[in-house]
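Topology and contacts: notes
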Amino acid sequence: MIYSRIAGTGRYLPERVLTNADLEKMVDTSDEWIRTRTGVERRHIAADEQSTSDLCLEAARQAFDAAGVTKDDVDLIVVGTTTPDLLFPNIGTLIQEKLDIHGCPAFSVEAACTGFLYALSTADKFVRAGEAKCALVVGAEILSKIVDWKDRTTCVLFGDGAGAVILQPSEEQGIISTHLGADGQYKDLLYYPYGASKELHKTHLPDAKIMMKGNEVFKVAVKTLGGVAEEALRKNNIDKGALDWLVPHQANLRIIQATAKRLGLPMEKVILTVQDHGNTSAASVPLAFDVAVRDGRIQRGQLVLMEAFGGGFTWGSALLRY
Ligand code: COA
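For clarity, every value in this text was computed on a predicted model and none was experimentally measured. Here the residue index of a chain counts from 1 through its sequence in written order. The model is predicted, so local features are restricted to residues of pLDDT at least 70 and side-chain atom pairs to those at 80 or more, both for listing and for counting; the totals for chains, interfaces and linings are taken over all residues. With hydrogens and water set aside, each side-chain value is computed from the structure's full complement of heavy atoms.

Of regular secondary structure, the protein possesses 10 helices and 13 strands. Relative to a compact globule of 322 residues, whose C-alpha radius of gyration would be 20 Å, the protein shows 18 Å and is just as compact. Its C-alpha atoms give the protein principal-axis dimensions of about 55 × 45 × 35 Å. For the protein, buried positions account for 55% of its 322 residues. For the protein, restricting intrachain contacts to residue pairs at least 6 apart in sequence, the fraction spanning at least 24 positions comes to 76%. What sets the accessible areas is the Shrake-Rupley method with a 1.4 Å probe; for residues, cover comes only from the shown protein chains. By element, 50% of the accessible surface of the protein is carried by carbon and sulfur atoms, the whole surface being about 13,900 Å². Only DSSP runs of H or I covering at least 4 residues are called helices, and only runs of E covering at least 2 are called strands; the numbering of each starts at the N terminus. Radius of gyration here is computed from C-alpha atoms only, and the compact-globule reference equals 2.2 Å multiplied by the residue count raised to the power 0.38. The classification of residues rests on relative accessible area computed with a 1.4 Å probe and restricted to protein chains. Under 20% of the type maximum is buried, over 50% is exposed, and intermediate values are partly exposed. The criterion used for residue contact is that any of the two residues' heavy atoms lie within 4.5 Å.

Structure (structure tokens):
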């Protein structure tokens, strides 16, 4: 049996750091409110001239080095993002051009904060089917450019960044299974109101900002994340106690704590970056994974559960041996 295995990881965070103290000067909020309600202390914000594909480049290069491959080995590019540079060409091809890679399939998957897990699940299937031998999978986002910086209910939550992994075929266990889901009935709880075929013609966009009913999102997120995490364990007959690490979507510390509790996992086994990165949407899981691989917490052979939840709603989990 052929598995796909994470051969290397990388990340990029923009230089500029916006702290809760900085936000206190911008909107009617406080460091205390943000920390106690969300766990966020600071977040990285992309420069005006940076686009999402720029963030992907450094993350990809780090992942190449960590995996011991070069850009010439890459035969598939899949990017999870909700903030692509352009409507088209897709961001996968823009990264391809910037990395001087030619010919391989390159595309993006749009699933809001679950984007990376959708991308990982897709690339995993290419690798296991023998159609890719070196897949670059990226989760990247510049949410700061679609956030309303006057809206305290959303602007304190989000941040920018990119995380990448290289997937290669392996006879040893790598990605054991992925589990994706979605339910469009919740589309009005978390969305951005403009796109290509609806209302884009408007020149005046007073409501061009992330729209969110935070309380309602919170409740569905807690319930759904616990469910999709348990699904991954149940389908593989793996006991909760066997997990070495949970790498959750970094939206809110309280949501993460609730999922860990449902899994019976102590917080020492949960990778947390929400305090430093905020919610980076599709970038959050690969960023957190890379942080924990590089600081030596996640070791080769360990059992890791990733999970995410986002607008749509969409959700997903991946159980893997690193
Ligand atoms: N600073 C200070 N006060 C704020 C604030 C801020 N940044 N944002 C909202 N408030 C106020 C509200 O106006 C409200 O005031 P009121 O009681 O006078 O009306 C009060 O705080 C409570 O607001 P509420 O929305 O009920 O707070 P909450 O405990 O639900 O926390 C979120 C708000 C957004 C942190 C929380 O709902 C959440 O994290 N939801 C999930 C969001 C998410 O994860 N989205 C992405 C999914 S991928």
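Once the structure has been displayed, the description carries forward.
This part takes up the sheet that holds strand β11 (residues 245–248). Strands are treated as partners if at least two bridges between them are detected by DSSP. Read from one edge to the other, the open sheet built from 4 strands follows the order β8-β13-β12-β11, with strand pairing classed as mixed. Each edge of the sheet is formed by a strand with only one pairing partner; in this case those strands are β8 (175–182) and β11. Going from strand to strand, the sheet's axes swing by 10° on average, the running direction of each strand aside. Of the strand pairs in this sheet, β8 and strand β13 (residues 314–321) are connected by 7 bridges, and their pairing is antiparallel. Of the residues in β13, the one forming a bridge with Thr178 is Ala318. Note on geometry: axes are C-alpha line fits, over the in-contact stretch for helices, and angles between N-to-C directions span 0 to 180 degrees.

Turning our attention to the site of the ligand. We call a residue near a given molecule or strand whenever any one of its heavy atoms falls within 4 Å of it. Looking at the ligand, there are 23 residues lining it, with Thr29, Arg37, Arg152, Asn215 and Asn252 nearest. Residues adjacent in sequence count toward polar contacts only when both atoms are side-chain atoms; beyond that, a polar contact is any pair of N or O atoms within 3.5 Å, and within protein one must be able to donate a hydrogen and the other to accept it. Between Gly214 and the ligand, the recorded distance is 2.9 Å, taken from a backbone N or O atom to a nitrogen atom. The side chain of Asn215 places a nitrogen or oxygen atom 2.9 Å from an oxygen atom of the ligand. Taking 960 Å² as the accessible area of the ligand by itself, protein coverage stands at 73%. Listing elements by their share of the shell around the ligand, those giving two or more residues are α2 (31–38), α6 (152–155), α7 (214–235), α8 (253–263) and β12 (303–310). Here the shell around the ligand gets 4 residues from one element, more than from any other, and that element is α7.

The next subject is the pattern of salt bridges. Throughout this description, the term salt bridge denotes a Lys or Arg side-chain nitrogen within 4 Å of a carboxyl oxygen of Asp or Glu. Taken as a whole and assessed by the stated rule, the structure comprises 16 salt bridges. In this structure, the salt-bridge partner of Arg297 is Asp295, at a minimum N-O distance of 2.8 Å. Exposure remark for Asp295: the relative accessible area of 43% places this residue in the partly exposed category. Where salt bridges share partners, they join Arg11, Asp290 and Arg294 into one cluster.

A word on the packing of helix α3 (residues 52–67) against helix α4 (residues 91–99). Between α3 and α4, the shortest axis-to-axis distance is 10 Å and the interhelical angle comes to 60°. The pairing of α3 with α4 is recorded here as oblique in orientation. Crossing geometry of α3 relative to α4 is assigned as right-handed. Of the residues in α4, those in contact with Thr52, Ser53, Asp54, Cys56, Leu57, Ala60, Arg61 and Phe64 of α3 are Ile91, Leu94, Ile95, Lys98 and Leu99. Of the residues that constitute the contact of α3 with α4, the class distribution is 8 nonpolar, 2 polar and 3 charged. Under this scheme an angle from 65 to 115 degrees is roughly perpendicular, one under 35 degrees roughly parallel, and one over 145 degrees roughly antiparallel; angles in between are oblique. Throughout, a crossing is termed right-handed when the near helix is turned clockwise from the far one, and left-handed when it is turned anticlockwise from it by less than a right angle. Note on residue categories: nonpolar means Ala, Val, Leu, Ile, Met, Phe, Trp, Tyr, Cys or Pro, charged means Asp, Glu, Lys or Arg, and polar means any other residue, Gly included.

Here strand β6 (residues 135–142) lies mainly inside the structure; 8 of its 8 residues are buried. Burial along β6 is two-sided: Ala135, Val137, Gly139 and Glu141 and Leu136, Val138, Ala140 and Ile142, pointing in opposite directions, are all buried. Taken together, the 5 bridges between strand β4 (residues 76–80) and β6 define a ladder with parallel strand orientation. Note that in β6 the partner of Val78 across the bridge is Val137. When β6 meets strand β7 (residues 160–170), the two strands line up antiparallel, connected through 8 bridges. Among the inter-strand pairings, Leu136 is bridged to a residue of β7, identified as Ile166.

Assignment of secondary structure puts Asp100 in the loop between α4 and β5 (106–109). Using a relative accessible area of 41% as the deciding quantity, one classes Asp100 as partly exposed. With 29 residues separating them along the chain, Asp100 and Lys71 place their C-alpha atoms 7.8 Å apart. A polar atom in the side chain of Asp100 sits 2.6 Å from the side chain of His102.

Structurally, the position occupied by Val228 is in helix α7. In this structure Val228 comes out as buried when scored by relative accessible area, which is 2%. Considering only alpha carbons, one finds Val228 and Ile45, 183 residues apart in sequence, at a separation of 30 Å. If we skip the residues at most four places from it in the chain, Val228 touches His179, Trp315, Gly316 and Ser317.

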